[in-house]
Every structure is written in structure tokens, then in C-alpha cells.
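# An overview of the molecular structure
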Amino acid sequence: MLAGCAPLAARADGPERYDARVVRVFDGDTLWVQPADGGRWRKLRLDDIDAPEICQAGGLAARDALAERVLGRTVQVEQRAHDAYGRAIVRLQLQGEDLNRWLVRTGHAWAHQWRGSGPYLNEEAAARRAARGLFGHADPEPPRDFRRRHGPCENPPNGLSVPR
């Protein structure tokens, strides 16, 4: 398991796929959606990435970039598991584009890696070479290290939501 990550409860029957409207973006890797076929809102955590904490340098920029891209829009959700906090672990697509990949490529998130591999490591390397987003700073601190040193953010903002 990755440092700072909660254990996952995987789906035995493979990933669940559905369309949903993004109704709230809390930070660069957490958002809420309303499934297109109705039902309750779902809290989602983007898979294989880690965006800066909201109170960390780059945290608001990551949230704002994701919100600008998806808030109020319909996305395709591929859910593979739930974490210990009840969040669905997902990959998101918007018109065929992998949004998890986009966040790493634009320098708004780190790629998770396990034993030297992970689906977005090439995108992170390219963002670092181009000094995009948080990789434009001399020594960006990964969120797990930030959390270890500072703990959780105090009184985080409520995120950005679509008007009701």
C-alpha cells in the first residue's frame, strides 16, 4: 500500500461504469457527482494520482483547474473500489480524455507509483521537464509528506459547487 493511502475494498465483478454530472469539486483529486440515471450524489477520489492538499502550495490551483474543466459537465466514471473513507476510487473521462492523466500532465498532481510503476509516470516526468504547474517550483512537496509534517488542513474550504 502507498504511504498515506487508505486500504481499498475492490469490486469483485470489475469496474462499474456510468455517466454523471460533476456537482462539486473539493480539491484537485476529490469531487462529487450526480449519476445520470439518478440516485444519490457520490463522493469520488481520483485513482492513481495525488493532488496537493487544499492548504498546500498548488492546492487551490489544482482544485480550480479541475473545477474549470468539469464542474457542471457530464463525465464518464470508471469506479474500481472504495477507500476506507467511503469514497469511490475512479478514473474520469471527459469526451474521451482521461482527466486523471490530464491533471498529472498539466502539473496539478503527482502520479502514484508502486514498485517503480504506475500509469501516469511518463506524464509526471514530462511535467517536471517542462516545469509545469507545481513542478515549476524548486522542490514541490508530495502531499503525503506534507500531511506527515503538518497533519490535515484546518477548516478547509467547502469546494466549488454548481448552483442549485
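What comes next is a walk through the structure. Here, residues in each chain are numbered from 1, in the same order as that chain's written sequence. Local features in a predicted model are, by the rule used here, given only for residues with pLDDT of at least 70; side-chain atom pairs are given and counted only at 80 or more, and totals for whole chains, interfaces and linings are based on all residues. As a convention, hydrogens and water are excluded, and side-chain values are obtained from all of the structure's heavy atoms.

## So, the pairing of strand S3 (residues 30–35)
S3 sits mainly inside the fold: five of its six residues count as buried. Note: two strands are recorded as paired if DSSP finds a minimum of 2 bridges between them. Comment: elements are numbered from the N terminus, with helices defined as DSSP H or I runs of at least four residues and strands as E runs of at least two. Sheet analysis places strand S2 (residues 16–27) next to S3, joined by six bridges and oriented antiparallel. In the strand pairing of S3, Asp 27 is matched with Thr 30. If you look at the hairpin formed by S2 and S3, you'll find two residues sitting between the two strands. Pairing of S3 with strand S4 (residues 42–46), which is carried by four bridges, proceeds in the antiparallel orientation. Note on S4: the bridge partner recorded for Trp 32 is Lys 43. Taken together, S3 and the strand that follows it, S4, pair antiparallel across an intervening segment of six residues, in which Gly 38 is found at a positive phi of about 95 degrees. In this scheme, a residue with accessible area under 20% of its type's maximum is buried, one over 50% is exposed, and one in between is partly exposed, where area comes from a 1.4 Å probe on protein chains only.

## Observations concerning unusual backbone geometry
In this structure, Gln 95 takes a positive phi of about 50 degrees despite not being glycine. Residue placement: Gln 95 occurs in the loop between strand S7 (88–94) and strand S8 (97–98). Although it is not a glycine, Arg 115 adopts a positive phi angle of roughly 55 degrees.

## Examining helix H3 (residues 121–129)
Within the sequence span of H3, burial applies to Glu 123, Glu 124 and Ala 127. Taken around the axis of H3, the buried residues stretch over an arc of 100 degrees, which confines them to a single face. Turned more than 90 degrees off the buried face of H3, the exposed positions are Asn 122 and Arg 129. Every residue pair with non-hydrogen atoms within 4.5 Å of one another is taken to be in contact. Looking at the buried side of H3, the elements it contacts are helix H2 (99–105) and strand S9 (110–111). Trailing H3 by a residue or two, Ala 131 shows a phi angle of about 55 degrees, which is positive. This arc describes the spread of directions from the helix axis toward the C-beta atoms.

## Regarding the environment of Gln 56
Here Gln 56 is to be found in the loop between strand S5 (49–50) and helix H1 (59–70). Gln 56 sits in the buried class, given a relative accessible area of 8%. When the C-alpha atoms of Gln 56 and Phe 146 are compared, they prove to be 7.6 Å apart, with 90 residues separating the residues in sequence. Setting aside anything within four residues of it in sequence, one finds Gln 56 in contact with Trp 110, Glu 141, Pro 142, Pro 143 and Phe 146.

## Describing the nonpolar core
Among the nonpolar cores identified, the biggest contains 28 residues, and Leu 31, Leu 44, Leu 46, Val 75, Val 77 and Leu 92 are the most heavily contacted of them. Where this core is concerned, the elements lending two or more residues are S2, S3, S4, H1, strand S6 (74–83), S7 and H2. With near-sequence residues (within four places) excluded, Leu 44 lies in contact with Tyr 18, Asp 29, Thr 30, Leu 31, Val 33, Val 77, Ala 88, Val 90 and Leu 92. Buried Ala, Val, Leu, Ile, Met, Phe, Trp, Tyr and Cys residues that are joined via side-chain atoms within 4.5 Å together make up what is termed a nonpolar core.

## Focus: the packing of aromatic side chains
Two rings from Phe, Tyr or Trp (for Trp, the six-membered ring) form a pair when their centres sit within 6.5 Å of each other. Planes less than 30 degrees apart are called stacked, planes more than 60 degrees apart edge-to-face, and all others tilted. On inspection of all chains with the given rule, the structure shows two aromatic pairs. Taken together, a centroid distance of 6.3 Å and an interplanar angle of 75 degrees make the contact between Phe 26 and Trp 32 edge-to-face. The burial state of Phe 26 is the same as that of Trp 32; both residues are buried. With a centroid separation of 5.8 Å and 80 degrees between ring planes, the pair formed by Trp 110 and Phe 135 is classed as edge-to-face. Within this pair, whereas Trp 110 is found in strand S9, its partner Phe 135 is found in the loop between H3 and helix H4 (143–150), the two being separated by 25 residues in sequence. Put simply, a charge is over a ring when the Lys NZ or the Arg CZ is close to the ring centre, within 6 Å, and near the line of the ring normal, within 35 degrees. Arg 42 extends its terminal NZ or CZ atom over the ring of Tyr 18, reaching a point 4.4 Å from the ring centre. The cationic tip of Arg 69 hangs over the ring face of Trp 102; the distance from NZ or CZ to the ring centre is 4.5 Å.

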